[in-house]
Amino acid sequence: MINRNPNIANIKAGYLFPEIAKRRREFAAANPDAKIISLGIGNTTEPILPHTNAGLLGGASALADVKTYSGYADDSAGFTKLREKIAAAFYKDLVEPDEVFVSDGAKCDIGRLQLLFGAEVKVAVQDPSYPVYVDGSVLAGAAGGWEGSGYAGITYLPCTAENNFFPNLDLIPQNSLIYFCSPNNPTGATADRAQLTALVNAAISKGCIIIFDAAYSEFIRDPALPKSIYEIENAKICAIEVNSFSKPAGFTGVRLGWSIVPKALKYASGESVNTDWNRVNNTIFNGASNIAQAGGLAAIDEKGLEEMRALTDFYLGNAKLIRSTLQEMGINCIGGDNSPYIWAHFPGRDSWEVFSEILEKCQVVTTPGAGFGPAGQSFVRFSAFGHRENVEEACRRLKSNFI
Ligand code: PGU
């Protein structure tokens, strides 16, 4: 029989969020009367707003008319108009439309991007981090080992209270692929201009490429904080950015995102990363849904951007409630101001144990910090995605039941 890809044996048995869903189901089965509230996975709950939805409906209707029907696109990179609008709306033309690649979401892009660098690449990740960076690298064979052996090819960059949740850049190996997420999932920390400038300078001096995950950039409210890595000088020669309509437009199920691969970005050989990315995508990806792209066009015109602002304001309102509740309870936490996640500290405790205690006492699902990396131990992530009444009820239960 054919052998299994050994890289699959090297990833953790279960992906974090299905594991949490399993524990929730087990708890629900044992406690049929429990009214469980999820502040676990960062999954949107509020409906898509009318103007954006009209764009989606228009995209669907166009398919039912012979005059406007469309099938496969000539190129997988997306509608030209959408590429132009993304460049203008989110990057104020700091990037060009042919540097924008529309996709079915940031997670899928993160998985495919590894193909550009092969199994030999060294990887550096913030610790804690969104699990796809490590699991995706392991699947691509880049980890050079088994989790129990410490994934020799992956360097963890601890982000802790001591360093204000920004890593020591001296730990980044030469010629490595750096995953960096800001506003951060799970810590909610948002890097400032000086920190991102230091990151870009470190990447350039060490011959690294940054994959900058800006999936939460539309939650930034502090005007001094950069929303894109390209606001930093020279980022175009060392950084790829991924982003998504999932959280700001409620497109988690619609599936629409994009990546930016600058034409100035080169491998050690001098060849163009942009050209390769186009080639890889045209080979294994047939483009984002044309309905989703029609929705995306509406989501970033003037009215659509107002809707994005309203939706992200709503979730930030939830974040404020959760954060102030935790603070009133005397629990140290960060995040929740320019991001939809609150990172709460339970010193000396095991994060899965805190997760279970919150579930049992409050019937509230959270995400244990250890699921995001070793430095997440003793932390728990609260997601601000939820209906307001559920978030209010979760806060009441936390205050009265979780001592
Ligand atoms: N990047 C970051 C940093 C994320 O947190 C998420 C979703 C994505 C990308 C995914 O974006 P898409 O465009 O929708 O593909 N993180 C959520 C959902 C869990 C998951 O497995 O994606 C979370 O709770 O962390």
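Residues numbered from 1 in each chain as written. Predicted model: local features only at pLDDT ≥ 70, side-chain atom pairs only at ≥ 80, totals over all residues. Heavy atoms only, no water.

**Digging into the domain arrangement of the protein chain**
Reasoning step 1: According to the domain assignment, the protein chain consists of domain 1 (14-43 + 304-401) and domain 2 (52-300).
Reasoning step 2: Computed from C-alpha coordinates alone, the two centres of domain 1 and domain 2 are separated by 25 Å.
Reasoning step 3: Residue-level contacts link 31 residues of domain 1 with 37 residues of domain 2.
Reasoning step 4: Interface area lost by domain 1 to domain 2 is led by Y15, M308 and N338, which between them contribute 25%.
Reasoning step 5: Our count for the contact surface shared by domain 1 and domain 2 stands at one salt bridge.
Reasoning step 6: A salt bridge links R221 to D313, with the nearest nitrogen and oxygen atoms 3.1 Å apart.
Reasoning step 7: If you look at where domain 1 meets domain 2, you find twelve residue pairs in polar contact (both at pLDDT 80 or more).
Reasoning step 8: Mapped by element, the contributors of at least two residues to the side of domain 1 that touches domain 2 are α11 (302-328), β9 (333-335), β10 (341-345) and β13 (379-383).
Reasoning step 9: Looking at the side of domain 1 that touches domain 2 element by element, the count peaks at ten residues for α11.
Reasoning step 10: Across the side of domain 1 that touches domain 2, the residue classes break down as 16 nonpolar, ten polar and five charged. (Domains from an automatic or database assignment. Contact = heavy atoms within 4.5 Å. Buried area = accessible area lost by both parts, 1.4 Å probe. Salt bridge = Lys/Arg side-chain N within 4 Å of Asp/Glu carboxyl O. Polar contact = N/O pair within 3.5 Å; in protein donor to acceptor, adjacent residues only side chain to side chain. Helix = DSSP H or I, 4+ residues; strand = E, 2+ residues; numbered from the N terminus. Nonpolar A, V, L, I, M, F, W, Y, C, P; charged D, E, K, R; others polar.)

**Some points on the site of the ligand**
Reasoning step 1: Not every one of the 20 residues close to the ligand is listed here, only the nearest: G42, Y130, Y216, S244 and S246.
Reasoning step 2: Here an oxygen atom of the ligand and a backbone polar atom of A106 are 2.8 Å apart.
Reasoning step 3: At a separation of 2.7 Å, an oxygen atom of the ligand approaches a polar side-chain atom of R255.
Reasoning step 4: Contact with the protein chains covers 94% of the free accessible surface of the ligand, which is 550 Å².
Reasoning step 5: Elements with a minimum of two residues in the shell around the ligand: α5 (106-113) and α8 (246-249).
Reasoning step 6: Taken together, the residues of the shell around the ligand sort by class into ten nonpolar, five polar and five charged. (Near = heavy atom within 4 Å. Areas by Shrake-Rupley, 256 points an atom, 1.4 Å probe, with all protein chains shown as cover.)

**Comments concerning unusual backbone geometry**
Reasoning step 1: Residue P128 is reached from D127 by a cis peptide bond, and omega for that bond is 10°.
Reasoning step 2: Locating P128 in the fold gives a position in the loop between β3 (122-127) and α6 (131-139).
Reasoning step 3: Cis geometry is found at the peptide bond from N185 to P186, where omega equals 15°.
Reasoning step 4: Mapping P186 onto the fold places it in the loop between β5 (176-181) and α7 (193-206).
Reasoning step 5: At F165, a position not held by glycine, the phi torsion is positive, near 60°.
Reasoning step 6: Following the sequence through the fold, F165 ends up in the loop between β4 (154-158) and β5.
Reasoning step 7: Relative accessible area serves as the criterion here: at 9%, F165 is assigned to the buried category.
Reasoning step 8: The backbone of R255 shows a phi angle near 75°, a positive value even though the residue is not glycine.
Reasoning step 9: The topology assignment puts R255 in the loop between α8 and β8 (257-260). (Buried < 20%, exposed > 50% of the residue type's maximum accessible area, 1.4 Å probe, protein only.)

**Describing the packing of aromatic side chains**
Reasoning step 1: Taken as a whole and judged by the stated rule, the model has 23 aromatic pairs.
Reasoning step 2: Pairwise contacts between aromatic rings join Y15, F17, F165, W343, F372 and F379 into one cluster.
Reasoning step 3: Here the basic side chain of R23 rests over the ring of W352, its NZ or CZ set 4.0 Å away from the ring centre.
Reasoning step 4: Lying over the aromatic face of F285, R112 brings its terminal NZ or CZ to 4.2 Å of the ring centre. (Phe/Tyr/Trp six-rings, centres within 6.5 Å; stacked < 30°, edge-to-face > 60°. Lys NZ or Arg CZ within 6 Å of the ring centre and 35° of its normal.)

**Side note on the sheet that holds β10**
Reasoning step 1: Taken in spatial order, the four strands make up an open sheet running β9-β10-β13-β12, and their pairing is antiparallel. In the strand order of this sheet, the two ends are held by β9 and β12 (367-368), each with one partner. (Pairing = 2+ DSSP bridges.)

**Some points on the pattern of salt bridges**
Reasoning step 1: The full count for this structure, using the stated rule, is 19 salt bridges.
Reasoning step 2: Close ionic contact of E218 with K227 constitutes a salt bridge, the shortest N to O distance being 3.7 Å.
Reasoning step 3: For E218, a relative accessible area of 16% translates into the label buried.
Reasoning step 4: Because the salt bridges share partners, they merge into one network encompassing R349, E353, E357 and K361.

**Focus: the nonpolar core**
Generally speaking, a soluble globular protein has its nonpolar side chains buried in company with each other.
Reasoning step 1: Within the largest apolar cluster, 44 residues are counted, with the highest numbers of intra-cluster contacts made by I86, I210, I229 and F245.
Reasoning step 2: Breaking this core down by element, the ones donating at least two residues are α4 (80-91), β2 (100-103), β5, α7, β6 (209-213), β8 and α10 (290-299).
Reasoning step 3: Excluding residues that lie within four positions of it along the chain, I86 makes contacts with Y91, V100, V102, F245, W258 and I300.
Reasoning step 4: In terms of nonpolar packing, the next biggest core, distinct from the first, is built from 32 residues, V123, V132, V138 and A143 among them. (Core = buried A, V, L, I, M, F, W, Y, C linked by side-chain atoms within 4.5 Å.)

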